[in-house]
Amino acid sequence: MKKIQTLLTKAFPKLDWQFNVELAPFTYMKIGGPADAVVVTKTVKDVTSLTSFCYQNDIPVTILGGASNVIVDDKGVKGVVIRIANESVEQLEHDSTFTIVRAGAGVKMAPLVAKTVEMGLTGLEYFLGVPGTVGGAIYNNAHYLSDLIGEHVAAVHVVSKDGKIAWIAVKNCAFAYEHSRFQKTGEIILEVNFRLKTGSKKESQEKIKHATEYRAKTQPLGIPSSGCIFQNVKNTEKLKKTFPDFADKPHVPGGYIIDQAGLKSTKVGGIQVSTKHAAWFENDGTGTSDDVKKLIKKVKDTVKSKFDVELHEEVFFVK
Ligand SMILES: Cc1cc2nc3c(=O)[nH]c(=O)nc-3n(C[C@H](O)[C@H](O)[C@H](O)COP(=O)(O)OP(=O)(O)OC[C@H]3O[C@@H](n4cnc5c(N)ncnc54)[C@H](O)[C@@H]3O)c2cc1C
């Protein structure tokens, strides 16, 4: 620990280091033990030089954006936690159909959406309520109902673990529901080129209003959580018979299945299945990552035995 501290502060004296820091306060779920080192990086250069240095010195690196989609282990995290916070947003070239907007991976979705609407562009409005950063949203291909953020991307600027920098065209990003190539490659997302159409500010504001009202009605906002713990479930002929309300949809909502299994308000320690949205877990302030894991197991086992359905986690575990 002392060795890492000396190495890092000597190599990067200008960065704002914190050592042996509890991660829980940074996370939306308010869970997580100490990290050896935490640093907030504001520029692409800081991220690339720091990750190369850590790679060469065998120091483990963990990337966090807004920490709104993670469960950080109670035992904490070894090595360096890099919080990505490059927040630039700039309008680049455009043709008759699309304008390219380049966003730093650390910009939060809400200010990015507000800026693109202000520029008279449309496409990202439904993501205003996603609390994390652009990097986190691309990593998981964030969604609002059936709208996936990857559908609005032209290319993603990344650095690989060993320091290679590249632009990945959208066709090579392997975007699918809850999936992108970055989950497999471990590449760090530095910047994203979005491909947006010219829109009407009034229509964009209507879309934002509609999505904000829908979220407030269906999600337990304001309570520590990580959003949906579970993914929606791909529909099958068998599921269409069990859940006919969703027979014409590609997925059955995970929350609906959990609700049908009678699991709303089930609690382990300080973590409870939300009564408002059953795919969400709420932390009453005393919850631990162990409680989350036990509750996940309970929900999965019950849903499997009642409906023969395998649930998959949407959140990422950090340790
Ligand atoms: C109240 C609430 C509402 C939510 N609503 C939605 C919603 O409508 N739709 C939706 O899809 N999700 C939603 N979520 C989940 C979450 O906000 C999104 O998945 C969000 O995009 C995560 O971004 P983040 O920056 O917080 O990522 P983090 O939680 O910081 O990280 C998540 C994962 O992404 C990786 N990662 C983050 N940044 C980078 C990067 N720059 N390069 C490489 N990897 C990176 C991390 O290592 C980690 O594995 C919600 C969560 C909450 C708490």
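The structure displayed is predicted, hence computed values, not measured ones. (Residues numbered from 1 in each chain as written. Predicted model: local features only at pLDDT ≥ 70, side-chain atom pairs only at ≥ 80, totals over all residues.)

## Focus on the overall build of the protein
Thought 1: Counting its regular elements, the protein contains nine helices and 19 strands.
Thought 2: Computed over its C-alpha atoms, the radius of gyration of the protein comes to 20 Å, within 12% of the 20 Å expected for a compact globule of 319 residues.
Thought 3: Taking all 319 residues of the protein together, the buried fraction comes to 42%.
Thought 4: Considering only residue pairs separated by 6 or more positions, the protein has 63% of its internal contacts joining residues 24 or more positions apart. (Helix = DSSP H or I, 4+ residues; strand = E, 2+ residues; numbered from the N terminus. Rg over C-alpha atoms; globule rule 2.2 N^0.38 Å. Buried ≥ 20, exposed ≤ 12 C-beta atoms within 10 Å, placed from the backbone. Contact = placed C-beta atoms within 7 Å.)

## Overview of unusual backbone geometry
Thought 1: Of note, the phi angle at Asp-58 is positive, near 55 degrees, even though the residue is not glycine.
Thought 2: With 7 C-beta atoms packed within 10 Å, Asp-58 lands in the exposed category.
Thought 3: You will see that Glu-178, though not glycine, has its phi angle at about 60 degrees, which is positive.
Thought 4: For Glu-178, the position within the fold is in the loop between β12 (165–169) and α5 (182–185).
Thought 5: In this structure Glu-178 comes out as partly exposed when scored by C-beta crowding, with 17 C-beta atoms within 10 Å.

## Here we look at the domain arrangement of the protein
Thought 1: Domain boundaries in the protein define domain 1 (2–84), domain 2 (89–216) and domain 3 (220–318).
Thought 2: Each of domain 2 and domain 3 has a C-alpha centre, and the two are 26 Å apart. (Domains from an automatic or database assignment.)

## A short note on the site of the ligand
Thought 1: Around the ligand lies a shell of 32 residues, among which Gly-65, Gly-132, Gly-135, Gly-136 and Gly-227 are the nearest.
Thought 2: Of all the secondary-structure elements, those providing two or more residues to the shell around the ligand are β3 (61–64), α4 (134–140), β9 (143–144) and β13 (188–198).
Thought 3: Among the residues forming the shell around the ligand, the class breakdown is 18 nonpolar, 14 polar and no charged. (Near = placed C-beta within 6 Å. Nonpolar A, V, L, I, M, F, W, Y, C, P; charged D, E, K, R; others polar.)

## Observations regarding the sheet that holds strand β1 (residues 17–22)
Thought 1: Strand order in the open sheet formed by four strands is β1-β2-β5-β3, with mixed pairing between adjacent strands. Both outer strands of the open sheet, β1 and β3, are each paired with one neighbouring strand and no more. With direction set aside, neighbouring strand axes in the sheet form an average angle of 35 degrees.
Thought 2: One ladder, built from five bridges, connects β1 with strand β2 (residues 34–41); its direction is antiparallel. The partner of Gln-18 across the bridge, within β2, is Val-38.
Thought 3: Contacts from helix α2 (residues 44–56) reach β2, β3 and β5 (77–84) within the one sheet, and its direction differs from that of β5 by about 165 degrees. (Pairing = 2+ DSSP bridges. Axes fitted to C-alpha atoms, helices over the stretch in contact; angles between N-to-C directions.)

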